[in-house]
Amino acid sequence: MNPVAGDHAFALLRRQCLLAVRRPIETANPLLFFALVSLLFPLGIGPEPWQLARFAPGIFWIIALLSTLLAAEGMFRDDQEDGTLEQLVLMPQPLFVSCLVYAAAHWLVTGLPLVLLAPLFALMLQLPVAAIPALLASLLLGTAVLSLIGSIGASITVGVKRGGILLSLLILPFYLPVLIFGSGAVQFAAGGHWPQDQLLVLAGMLSLAIALAPFACAAGIRLSVEAG
Amino acid sequence: MWSFFHKLGSPPWMYGISGRILSWLLPLTLLLLAWGAVWGLLYAPPDFRQGHSFRIIYVHVPASVVALAGYYVMAGAGAVSLIWKMKMADVAMKACAPIGAALTFLGLLSGAVWGKPTWGAWWVWDARTTSMLILLFLYLGVMALYAAWDDEALAAKACALLALVGTVNIPIIYKSVDWWYSLHQPASISLSGDSSVHSDMMQPLWLMIAAFYCLFVCSLLLTMRGEILRRESNTGWVRGLLMTGEGGRAV
Amino acid sequence: MQFESLTAAWNMAGHGPYVWFVFAAAALTVTALLVAPVLRSRRVIRLQRRRWQREQRLSGEGQHAPGT
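Residues numbered from 1 in each chain as written. Chains lettered and ligands numbered in written order. Predicted model: local features only at pLDDT ≥ 70, side-chain atom pairs only at ≥ 80, totals over all residues. Heavy atoms only, no water.

Each helix and strand counted, chain B has 8 helices and 0 strands in total. Scanning chain B from its N terminus toward the C terminus, one meets helices and strands in the order α-α-α-α-α-α-α-α. The dimensions of chain B, computed from C-alpha atoms along their principal axes, are 60 × 40 × 35 Å. Counting the 251 residues in chain B, one finds 52% classified as buried. Partitioning the intrachain contacts of chain B with sequence separation of at least 6 by distance along the chain shows that 80% fall at a separation of at least 24. As displayed, chain B has an accessible area near 10,900 Å², and 68% of this comes from carbon and sulfur atoms. Counting 16 positive and 12 negative side-chain charges, chain B places the averaged centre of each group 6 Å from the other. (Helix = DSSP H or I, 4+ residues; strand = E, 2+ residues; numbered from the N terminus. Buried < 20%, exposed > 50% of the residue type's maximum accessible area, 1.4 Å probe, protein only. Contact = heavy atoms within 4.5 Å. Areas by Shrake-Rupley, 256 points an atom, 1.4 Å probe, with all protein chains shown as cover. Lys, Arg positive; Asp, Glu negative; His and termini not counted. Charge placed at Lys NZ, Arg CZ, Asp CG, Glu CD.)

What follows is the structure, encoded as C-alpha cells:
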C-alpha cells in the first residue's frame with residue numbers, strides 16, 4: 001500500500017471510530033440487542049443448566065450473527081445521505097481501501113465489544129469454562145468475516161429504500177458457513193478438545209473475505225452512488 | 001467470433017434467433033420430458049431396497065441439478081453484463097432467477113415427498129436438502145434485490161454483483177453444510193446406494209436431466225422474448241413486428 | 001413394462017401416491033415455466049397495441065382540431 005493510501009485509511013478509520021464514540025447509545029444498540037436476546041433463550045427453552053449448556057454454542061453464534069447484521073444495515077446509511085460516499089468514490093485513493101476501513105471500523109465497534117463481553121454471557125448461559133477460550137477465538141475470527149460480508153450487503157442495499165429486511169435476506173445465506181464453523185468450534189471445545197481445524201477454517205474464510213470482499217463492496221458503493 | 005458476440009447483444013437479432021431455436025427446441029423438450037417420464041415411471045426396474053418410490057429420482061435429481069446449474073448461468077450472464085454492459089445479458093440474468101427458484105422448489109418438494117416413504121419423515125436436515133434450501137434463498141434474494149430497485153439497469157448491476165458473490169460462496173456453503181452434517185449425523189443413509197444403481201435405472205435419469213436442461217433453455221428464451229418486447233416496445237422493429245399482425249405468431 | 005395392470009402402476013406397491021404426486025408437481029412446474037412467459041409476452045403485446053391505437057386516435061384528433 002502506498003503511504004498516501006495508508007494515511008487515507010488511517011484518517012478514515014479514525015473518523016469512523018470518532019463517529020461511533022460520539023453516538024454511544026447508537027453504538028451500544030447491537031450489544032444491548034445481544035444481551036436482550038440471550039435473555040430470551042432461557043425464557044424460551046427453560047432454565048435447566050444442562051439444556052442451556054447444550055444449546056449455548058448455537059445460541060451464541062446466532063445472536064452474534066443477528067446483532068452484526070443489525071449493525072451492518074447502518075454501515076453506509078448516513079454517509080450515503082450526506083454525500084460522503086460520493087466524495088469517497090471521487091477520491092484518488094482506491095475505493096476498496098475505504099471499504100476495508102469501513103468493515104474494520106464496523107468490526108471494532110460491534111465485533112470486538114461482543115468478543116469482550118462474551119465470557120460474561122457464556123457463564124450466564126452455562127457454557128463450560130473450558131470452552132471460553134475457543135469461544136473468544138472463534139468470535140474474534142468469525143465476527144471479522146461477518147463484518148466484511150456485511151459490508152458487501154450494506155453497499156448493495158444502501159441505495160434502496162427500506163433496505164434493512166432486504167439486507168438480511170441477501171446476507172444471511174452467506175453467513176451460514178461462519179455459523180457452522182463458529183458454533184462447531186465451541187461445541188468441539190465444550191467436548192474438551194482444542195478446535196484447531198475449525199479455527200483454521202475460520203481463519204481461511206477471513207483471509208478470503210479480506211482479499212475479495214472490499215472489491216465487491218467497492219462495486220456496490222459505486223452503483224449505489226450512481227443511483228444517488 | 002466477435003461479430004457473433006456483438007449480434008448476441010442486439011435485441012432484434014436475439015428475438016429472431018430465439019424464435020427459430022424455440023421452433024425445434026420446444027417440441028424436442030416436450031418429447032424428451034414425456035419419453036423420460038414414461039420410461040422412468042413404467043419401464044425402469046424398481047430399486048431393490050426402496051421399491052417404486054425411487055422413481056421420484058427422475059424428477060428430483062434433474063430438477064436439483066439444473067437448479068444449481070441455473071445459478072451459474074445467472075452469474076455468468078451477470079458477469080457478462082458487468083464486463084461488457086450487454087443489455088441481453090441483463091435480460092437473461094433477470095429471467096434465470098424465477099426459473100431457477102421454481103426448479104429448486106420442485107427439487108425440495110420432490111425430496112420431501114421422497115423422504116416420507118424412505119426415511120419416514122417429510123423433512124430431514126441432511127446436507128443436500130439443506131444446501132438446496134439455501135440455494136432457494138439465494139434465488140429469492142436476487143429476485144428481491146431486483147424488485148427493490150427502481151432503475152432497471154442498476155438493478156441488473158446489483159443482482160449481477162450479488163450473483164457473483166454467490167458463486168464464490170456457494171462452494172464454501174456446500175462444503176460447510178457437508179461438514180456440519182457429517183458432524184451431527186453419521187452418514188448411515190446413502191440414498192443412491194452406490195453400486196446398486198443399475199444402468200437400466202441410469203438411462204432414463206440421463207434422459208430426464210437432458211430434458212430438464214432443455215426445459216431451462218426453453219423457459220429462459222421464452223421469458224427473454226417477453227422481456228425484450230417490453231423493454232424495446234417503443235422501437236421501430238417491435239412496432240413493425242407487432243403492427244403487421246404477426247405479433248400473435250411471433251410469441 | 002414393470003407393471004401387470006394400470007391399477008398396479010397406480011399403486012406401485014403402496015408408493016403410488018408419493019410417486020404420482022411428485023410427477024404431477026413436475027408436470028405443473030413444467031407447464032408453468034413454459035406458459036407463464038408466453039402469457040406475459042401476450043400481455044405486453046396487448047398493452048402495447050392498445051397504446052399505439054390510442055396514440056393514433058389522439059394524433060388523428062390533433063390533426064383535425066385546428067381545422068374545425
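Here we take up the confidence of the model for chain C. Per-residue confidence for chain C gives a mean pLDDT of 82; residues scoring 70 or more make up 88%. Interface confidence for the predicted complex, expressed as ipTM, amounts to 0.87; the pTM equals 0.89. (pLDDT = per-residue confidence, 0-100.)

What follows concerns the pattern of salt bridges. Residues and elements named next belong to chain B. Inspection of the entire model under this criterion finds 11 salt bridges over all chains. Of the charged contacts, one joins Arg 231 and Glu 152 as a salt bridge, the two residues approaching to 3.3 Å between their closest N and O atoms. Of this pair, Arg 231 sits in helix 7 (residues 199-231) while Glu 152 sits in helix 6 (residues 152-184), and the two are 79 residues apart along the sequence. The class of Arg 231 is partly exposed, set by a relative accessible area of 29%. Overall, the relative accessible area of 27% leaves Glu 152 in the partly exposed class. Residues Glu 227 and Arg 230 are paired through a salt bridge, measuring 2.8 Å at the closest nitrogen-oxygen approach. One end of the pair is Glu 227 and the other is Arg 230, both in helix 7 and 3 residues apart, which spans about a single turn. (Salt bridge = Lys/Arg side-chain N within 4 Å of Asp/Glu carboxyl O.)

Quick look at the interface of chain C and chain B now. Residue-level contacts link 30 residues of chain C with 47 residues of chain B. Applying the counting rule to chain C against chain B returns 0 salt bridges. Linking chain C to chain B there are 2 residue pairs in polar contact (both at pLDDT 80 or more). For the side of chain C that touches chain B, the element with the highest residue contribution is helix 2 (residues 16-64) of chain C, accounting for 23 residues. Taken together, the residues of the side of chain C that touches chain B sort by class into 21 nonpolar, 5 polar and 4 charged. (Polar contact = N/O pair within 3.5 Å; in protein donor to acceptor, adjacent residues only side chain to side chain. Nonpolar A, V, L, I, M, F, W, Y, C, P; charged D, E, K, R; others polar.)

Together, Leu 169 of chain A together with Phe 137, Leu 140 and Met 143 of chain B give the surface a local cluster of nonpolar side chains, amounting to about 290 Å² of exposed area. Tallying contributions element by element places helix 5 (residues 127-148) of chain B first for the nonpolar patch, with 3 residues. Inspection of the secondary structure puts Leu 140 of chain B in helix 5. (Patch = residues over 30% accessible without salt bridge, like charges linked within 9 Å, V, L, I, M, F, W, Y side chains within 5 Å.)

It is worth spelling out the layout of surface pockets at this point. Taking a probe equal in size to a water molecule and rolling it over the atoms shows the remaining empty space. When its volume is computed, the second largest pocket comes out at roughly 890 Å³. Elements with a contribution of two residues or more to the lining of the second largest pocket: helix 2 (24-45), helix 3 (49-72) and helix 8 (163-190) of chain A together with helix 5 and helix 6 of chain B. Per element, the largest residue contribution to the lining of the second largest pocket is 9 residues, and it comes from helix 8 of chain A. (1 Å grid on protein atoms, 1.4 Å probe; cavity = no way out; pocket = protein on both sides within 12 Å on 5 of 7 lines; lining within 4 Å. Points joined across faces, edges and corners; volume = space filled by probe spheres on them.)

The next thing to look at is the interface of chain A and chain B. The extent of an interface is frequently quoted as the accessible surface area lost upon association of the parts. Each side of the interface is counted separately: chain A has 28 residues, and chain B has 27 residues. Summing both partners gives a buried area of about 2,300 Å² for chain A against chain B, and 86% of it is carried by carbon and sulfur. If you sort the residues of chain A by the area they bury against chain B, Phe 174, Ile 180 and Leu 223 of chain A come out on top, with a joint share of 26%. If you look at where chain A meets chain B, you find 1 residue pair in polar contact (both at pLDDT 80 or more). When its residues are assigned to classes, the side of chain A that touches chain B shows 19 nonpolar, 7 polar and 2 charged. (Buried area = accessible area lost by both parts, 1.4 Å probe.)

Moving on to the packing of helix 2 of chain A against helix 3 of chain A. The axes of two packed helices give the description: the angle between them and the distance between them. Residues and elements named next belong to chain A. Direction vectors running N to C along helix 2 and helix 3 enclose 150 degrees, while the axes themselves pass 9 Å from each other. Where helix 2 crosses over helix 3, the two elements pack in a sense that is right-handed. In contact with Pro 30, Phe 33, Phe 34, Val 37, Ser 38, Phe 41, Pro 42 and Ile 45 of helix 2, helix 3 contributes Gln 51, Leu 52, Phe 55, Ile 59, Phe 60, Ile 63, Ala 64, Leu 66, Ser 67, Leu 70 and Ala 71. When grouped by side-chain class, the residues that make up the contact of helix 2 with helix 3 number 16 nonpolar, 3 polar and no charged. (Axes fitted to C-alpha atoms, helices over the stretch in contact; angles between N-to-C directions. Left-handed = near helix turned anticlockwise from the far one by under 90°.)

Taken as a whole and judged by the stated rule, the model has 12 aromatic pairs over all chains. With a centroid separation of 4.5 Å and an interplanar angle of 20 degrees, the aromatic rings of Phe 181 of chain A and Trp 179 of chain B are classed as stacked. In this pair, Phe 181 of chain A sits in helix 8 while Trp 179 of chain B sits in helix 6, so the two residues belong to two different chains. Its relative accessible area of 8% is what places Phe 181 of chain A among the buried residues. The exposure class of Trp 179 of chain B is partly exposed, given its relative accessible area of 24%. (Phe/Tyr/Trp six-rings, centres within 6.5 Å; stacked < 30°, edge-to-face > 60°.)

To continue, consider the arrangement of the chains. Counting contacts across all 2 pairs of chains found in contact, the highest total belongs to chains B and C. Spatially, chain A and chain C are disjoint, and the shortest separation between their C-alpha atoms is 25 Å.

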